[in-house]
Amino acid sequence: SCHAPSRSHGRTRRSQGASDRSITLRIRKRRTGSLCLAGAAPSDACRRERQVGVSLSSARDPIPMPAGTSKLLACAGLSVALLFRERARRVLLCWLEDGMRELAWRRLPRKIIFIRHGEAQHNLEGCAILQEDNPNRKPDNLSELTPRGREQARAAGHRLRRLLGGGGTVSAVVSPFERTQQTLYALQQNLGDVRVRRVHVDPRVREQEFGNFQVAEDMPRHKQTAEEVGRFYYRRPTGESGADVYDRAASFWDSLLGGSFDVQDLFRRRRAGPDDALLVVTHGLTMRLLLMRYFNWSPQTFDAVYNPGNCDFWVLVKDEARRAYRLEPADCSPPCTPWATRQVRVVRHAGAGLEAQDYTLVDYLALPQPRTSHLEPALQSLVPGHGHHLNPSRLASPEEREAFIKEQLAKVEPIEGKVHSIDWWCGKISEEGVGLRMDKSLPMRRTVSARRERAARCEGW
């Protein structure tokens, strides 16, 4: 009985082999019309039938294939296969890249709130505390909040708590200057249930360096020269230009959008969810340069924007559809677009010639980019003349600054009728230069971001 399974299994193998030979015979019979056992030498009949088949095939195809044709066809097939393989690889890489970007985007805070420090000692008496010949002088980085500045910071804490709905989790980045750190500590006293998860002191968001100490007699000369050269480009001796601070701002954005300000966190496990907000407690000029970097403002636009008031804040919120932050005026304090004006000249037809008249364009940031290409909206935001006092940052409270801005907007006198052009540079560049700058046929005026180019390539594949 112990050998029965073996005999049964052997019979199964023999029967299976017989079946395989039967199938092989049927296949060979269909192909050649005769029987040829697999593995055996072909018979004479098989050889004759193969020779006949070759001769018939030659009769049907009298023109022989050129030498190397089979190799060309193989190469063509391989090229097509590689093409589809490359296309699939690109689609996969684009998909993976987009997935990584989506993951990084989800980790970013829902809001970014830039807040200027409260009133400090250097804001009083024309920066007298920073002057070299002052026996009570202090370096700029040690300028402290005044009693009024501390009250401004506490009031800002109330406004931030309302903005965040009374709760949530935030992180904070703060300039190392004393006045910004005191502002952060004071506003935290009124944040209520809003939890500050982490505070990072970052020198990249410090104030522009104006020099170690200032000489009172040189201040008017520096101010005049800065107006001629431009605030963005002018550098005081032993100090920084606005362009230098811009480089710092660019590096700051790289760290923020990269998800970490601390290099030691680079390889650590990330938190699961994003913060409700990131507070950036910094300085007025630095806030302007941070927004300049993110929104691609020109140096002329930077010069047109005024500093925010003490403890004013500008709020960016996530635009999920675009995967980008947008400025939200309703959340800002005061609740409006950052105030900006630009002096222009409106050129009109006068008889056989042209006539230019000075105007000040208010609410400049409300124009779409590129702003110098939008003539019609600009003509609806003009106040006659130059030299207006339009800086609201010295006013005491956000409410006063909001009222001031509304008052200036009420002075707007829209220009109706045909206008030749707007001189955005008011004589600072030649007429030929203005003509080149305003030539709308140049393709360089139509720019596409690198992100859109990558998205277009991915969609094309």
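Structural notes, computed from the coordinates. (Residues numbered from 1 in each chain as written. Predicted model: local features only at pLDDT ≥ 70, side-chain atom pairs only at ≥ 80, totals over all residues. Heavy atoms only, no water.)

## Some remarks on the overall build of the protein chain
Next up, step 1: Scanning the protein chain for helices and strands turns up 13 helices and 10 strands.
Next up, step 2: Taking all 461 residues of the protein chain together, 37% fall into the buried category.
Next up, step 3: For the protein chain, long-range pairs separated by at least 24 residues make up 71% of all intrachain contacts whose partners lie at least 6 apart in sequence.
Next up, step 4: Working note: accessible area of the protein chain is about 27,400 Å², and carbon and sulfur atoms make up 54% of it. (Helix = DSSP H or I, 4+ residues; strand = E, 2+ residues; numbered from the N terminus. Buried < 20%, exposed > 50% of the residue type's maximum accessible area, 1.4 Å probe, protein only. Contact = heavy atoms within 4.5 Å. Areas by Shrake-Rupley, 256 points an atom, 1.4 Å probe, with all protein chains shown as cover.)

## Points about the nonpolar core
Next up, step 1: One finds I112, F114, L160, L382 and W424 to be the most contacted residues of the largest nonpolar core, which totals 67 residues.
Next up, step 2: Take this core: its biggest share by element is seven residues, from helix α8 (residues 284-295).
Next up, step 3: In contact with L160, not counting residues within four places along its chain, are I113, I115, L187, L191, L279 and F313.
Next up, step 4: With seven residues, the next largest nonpolar core counts W339, L390, F404 and I405 among its residues. (Core = buried A, V, L, I, M, F, W, Y, C linked by side-chain atoms within 4.5 Å.)

## Considerations on the packing of helix α7 (residues 242-258) against α8
Next up, step 1: In the contact formed by α7 and α8, the axes pass within 9 Å of each other and the chain directions differ by 65°. At the point where α7 passes α8, the crossing takes the right-handed sense. Facing α7, whose interface residues are G242, V245, Y246, A249, A250, F252, W253 and L257, α8 presents L285, T286, L289, L290, M292, R293 and Y294.
Next up, step 2: Taken together, the residues of the contact of α7 with α8 break down into 12 nonpolar, two polar and one charged. (Axes fitted to C-alpha atoms, helices over the stretch in contact; angles between N-to-C directions. Left-handed = near helix turned anticlockwise from the far one by under 90°. Nonpolar A, V, L, I, M, F, W, Y, C, P; charged D, E, K, R; others polar.)

## A few points about the sheet that holds strand β10 (residues 421-423)
Next up, step 1: Taking strand neighbours across the sheet as the criterion, the four strands line up as β9-β8-β7-β10 in an open arrangement whose pairing is antiparallel. Two strands lie at the open edges of the sheet, namely β9 (382-384) and β10, each paired on one side alone. The average angle at which neighbouring strand axes cross in this sheet is 45°, direction not considered.
Next up, step 2: Two elements, strand β8 (residues 353-362) and β9, share three bridges in a ladder whose sense is antiparallel. Looking at β9, one finds that Y359 is bridged to P384. (Pairing = 2+ DSSP bridges.)

## Re the state of the cysteines
Defined simply, a disulfide is a covalent bond joining two cysteines at their sulfur atoms.
Next up, step 1: The final tally for this structure, using the stated rule, is zero disulfides.
Next up, step 2: Of all cysteine sulfurs in the structure, the one in C336 sits closest to C332, which takes part in no disulfide; the separation is 7.4 Å.
Next up, step 3: The exposure class assigned to C332 is buried, which follows from its relative accessible area of 5%. (Disulfide = S-S within 2.5 Å.)

## Details of the side chain of T183
Next up, step 1: Among the structural elements, T183 can be located in helix α5 (residues 178-188).
Next up, step 2: Polar contacts involving the side chain of T183 include one to the main-chain amide nitrogen of G118, which spans 3.1 Å.
Next up, step 3: In this view, T183 contacts R116, H117, G118, L145, A153, V281 and C311; residues no more than four positions away in its chain are not counted. (Polar contact = N/O pair within 3.5 Å; in protein donor to acceptor, adjacent residues only side chain to side chain.)

## Topic: helix α4 (residues 147-163)
Next up, step 1: Helix length check: α4, at 17 residues, gives a terminal C-alpha distance of 25 Å against a target of 24 Å (1.5 Å per residue), a fit within 8%.
Next up, step 2: Burial in α4 covers these residues: G149, Q152, A153, A156, G157, R159 and L160.
Next up, step 3: Residues of α4 that are buried sit in contact with β1 (111-116), α5, β4 (277-282), β5 (313-319) and α11 (398-409). (Expected span 1.5 Å × (residues − 1).)

## Regarding the pattern of salt bridges
Next up, step 1: Within this structure, the stated rule accounts for 23 salt bridges.
Next up, step 2: Between E209 and R206 there is a salt bridge whose closest N-O contact spans 2.9 Å.
Next up, step 3: For E209, a relative accessible area of 29% puts it in the partly exposed group.
Next up, step 4: Linking D218 and R221 is a salt bridge whose minimum nitrogen-to-oxygen distance equals 3.6 Å.
Next up, step 5: Classification of R221 as partly exposed rests on a relative accessible area of 46%. (Salt bridge = Lys/Arg side-chain N within 4 Å of Asp/Glu carboxyl O.)

## A few points about the sheet that holds β1
The strands that make up a sheet are held in pairs by hydrogen bonds between backbone atoms, and each pair lies either parallel or antiparallel.
Next up, step 1: Within the open sheet, the six strands sit side by side as β3-β2-β4-β1-β5-β6. Their pairing is mixed. Two strands close off the open sheet at either side, each with one partner strand: β3 (195-201) and β6 (324-327). Taken pair by pair, the neighbouring strands of this sheet meet at an average axis angle of 25°, ignoring direction.
Next up, step 2: As judged from the four bridges shared by β5 and β6, these two strands associate in the antiparallel manner. Across the sheet, residue D319 finds its bridge partner in β6, namely A324.
Next up, step 3: Packed on one face of the sheet, α4 meets β1, β4 and β5 and runs near 15° to β5.

## Remarks on unusual backbone geometry
Next up, step 1: Cis geometry marks the peptide bond from S333 to P334; its omega dihedral reads -5°.
Next up, step 2: Checked against the element boundaries, P334 lands in the loop between β6 and β7 (341-350).
Next up, step 3: Of the consecutive residues Q369 and P370, the connecting peptide bond is found in the cis state with omega at -10°.
Next up, step 4: Examined against the element boundaries, P370 turns out to sit in the loop between β8 and α10 (375-379).
Next up, step 5: Not every positive phi belongs to a glycine, and T238 is a case in point at roughly 60°.
Next up, step 6: Among the structural elements, T238 can be located in the loop between α6 (219-229) and α7.
Next up, step 7: Backbone geometry at R323 places phi at a positive 50°, although glycine is not the residue there.
Next up, step 8: Mapped onto the elements, R323 comes out in the loop between β5 and β6.

## A look at the pairing of β5
Within a regular strand, side chains alternate between the sheet's two faces.
Next up, step 1: Of all seven residues in β5, seven are buried, a share of seventy percent or more.
Next up, step 2: As paired strands, β1 and β5 are joined by five bridges and run antiparallel to one another. Among the inter-strand pairings, I113 is bridged to a residue of β5, identified as V315.
Next up, step 3: Where β5 hands over to β6, the hairpin turn is made up of four residues, of which R323 adopts a positive phi near 50°.

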